[in-house]
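# A look at the structure
Residues per chain, in single letters:
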Amino acid sequence: MLEEGSANTHVAIVARTLETPLVGQAEGIVNEVESSDFVIIDGENAQVFLRPAEEVRDQVNRSPKARVVEKACFATNRDNPCMTRDNTRVSLLLNADLLIDMPQIEATGADGIGLYRTGIPFMNSQGFPDVDAQYDLYQRILSAANDRPATFRPSTSAGISGCNPSVRARGDLSMGWRSLRILLDRPAILHKQLRALIRAAAGSDLEIMLPMVADIREFDRAKHIVELEFVRASSRAQIPPTALRLGAMIEIPALI
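Residues numbered from 1 in each chain as written. Predicted model: local features only at pLDDT ≥ 70, side-chain atom pairs only at ≥ 80, totals over all residues. Heavy atoms only, no water.

### Structural notes on the overall build of the chain
Counting its secondary structure elements, the chain contains 10 helices and seven strands. Expressed as a percentage of the 256 residues in the chain, the buried residues total 33%. Here the contacts in the chain between residues at least 6 apart in sequence split such that 58% fall between residues at least 24 apart. Carbon and sulfur atoms form 52% of the exposed surface of the chain, whose accessible area is close to 15100 Å². (Helix = DSSP H or I, 4+ residues; strand = E, 2+ residues; numbered from the N terminus. Buried < 20%, exposed > 50% of the residue type's maximum accessible area, 1.4 Å probe, protein only. Contact = heavy atoms within 4.5 Å. Areas by Shrake-Rupley, 256 points an atom, 1.4 Å probe, with all protein chains shown as cover.)

Listed below in structure tokens is the structure:
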């Protein structure tokens with residue numbers, strides 16, 4: 001249970017992947033719960049039952065059986081083409097944070113990974129991971145995608161969580177100094193991520209989505225760093241990605 005948060009927060013997405021019930025915006029719930037209280041969290045309908053009656057418990061105990069039936073129904077439709085009612089083809093892609101998410105590609109029949117957040121797996125690291133550690137992870141992600149498209153989002157999650165001394169040095173983790181701005185102010189972090197991604201995507205397409213772009217000049221600066229890393233890879237006779245798609249997440253109105 002969370003007193004704040006929404007269905008799209010990182011913790012909610014991870015919980016959904018792990019099939020762990022979670023309800024956000026349960027205001028005041030912490031003050032209401034006492035030690036040893038029985039609590040039922042109904043993530044499907046965004047309900048929290050504190051000290052529920054026996055009838056409520058019985059009803060909830062029957063829910064897993066209904067969930068099994070629902071999953072079976074999903075499975076029968078998994079391989080059907082994704083079409084709207086007016087016969088427009090759409091692409092359904094997976095949101096991923098961890099390797100544990102990857103089997104969901106096959107389970108759901110997704111067309112690929114719409115966004116892989118590169119920083120989440122390293123949030124508990126004592127320092128920002130080196131190129132080899134990142135390369136190993138990204139290669140496993142691409143392998144699990146099995147020739148499906150995968151879009152990677154460069155991230156500073158490890159630094160934001162207080163694990164990265166180079167990010168902590170500024171001492172200003174305000175809303176105005178985050179994500180891409182941190183990467184541009186601490187370019188060594190971005191260089192390492194790009195170096196690992198280019199190596200991992202050797203012989204396949206590489207898709208990168210830059211986060212929290214507020215100004216086109218920020219995108220241009222990041223693009224220049226990407227180009228430098230491609231030149232570096234070429235000078236070392238590395239097998240390059242077959243294609244590069246570089247985009248920006250539209251999250252800040254100023255960018256529009």
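### Brief notes about the pattern of salt bridges
If you walk through the whole model with that rule in mind, you get 11 salt bridges. Of the charged contacts, one joins D132 and R199 as a salt bridge, the two residues approaching to 3.1 Å between their closest N and O atoms. Highlighted residues: D132 in helix α5 (residues 131-145) and R199 in helix α9 (residues 187-200), separated in sequence by 67 residues. One continuous salt-bridge network, built from bridges that share partners, spans D205, E207 and R245. (Salt bridge = Lys/Arg side-chain N within 4 Å of Asp/Glu carboxyl O.)

### Looking at α5
For α5, spanning 15 residues, the distance from its first C-alpha to its last is 21 Å, which sits close to the expected 21 Å at 1.5 Å a residue. For α5, the complete set of buried residues consists of V131, Q134, L137, Y138, I141, L142 and A145. Angular distribution of buried residues about the axis of α5 spans 135°; they occupy a single face of the element. In this structure, the buried residues of α5 make contact with α4 (104-108), β4 (113-117), β5 (150-153) and α9. (Expected span 1.5 Å × (residues − 1). Arc of directions from axis to C-beta.)

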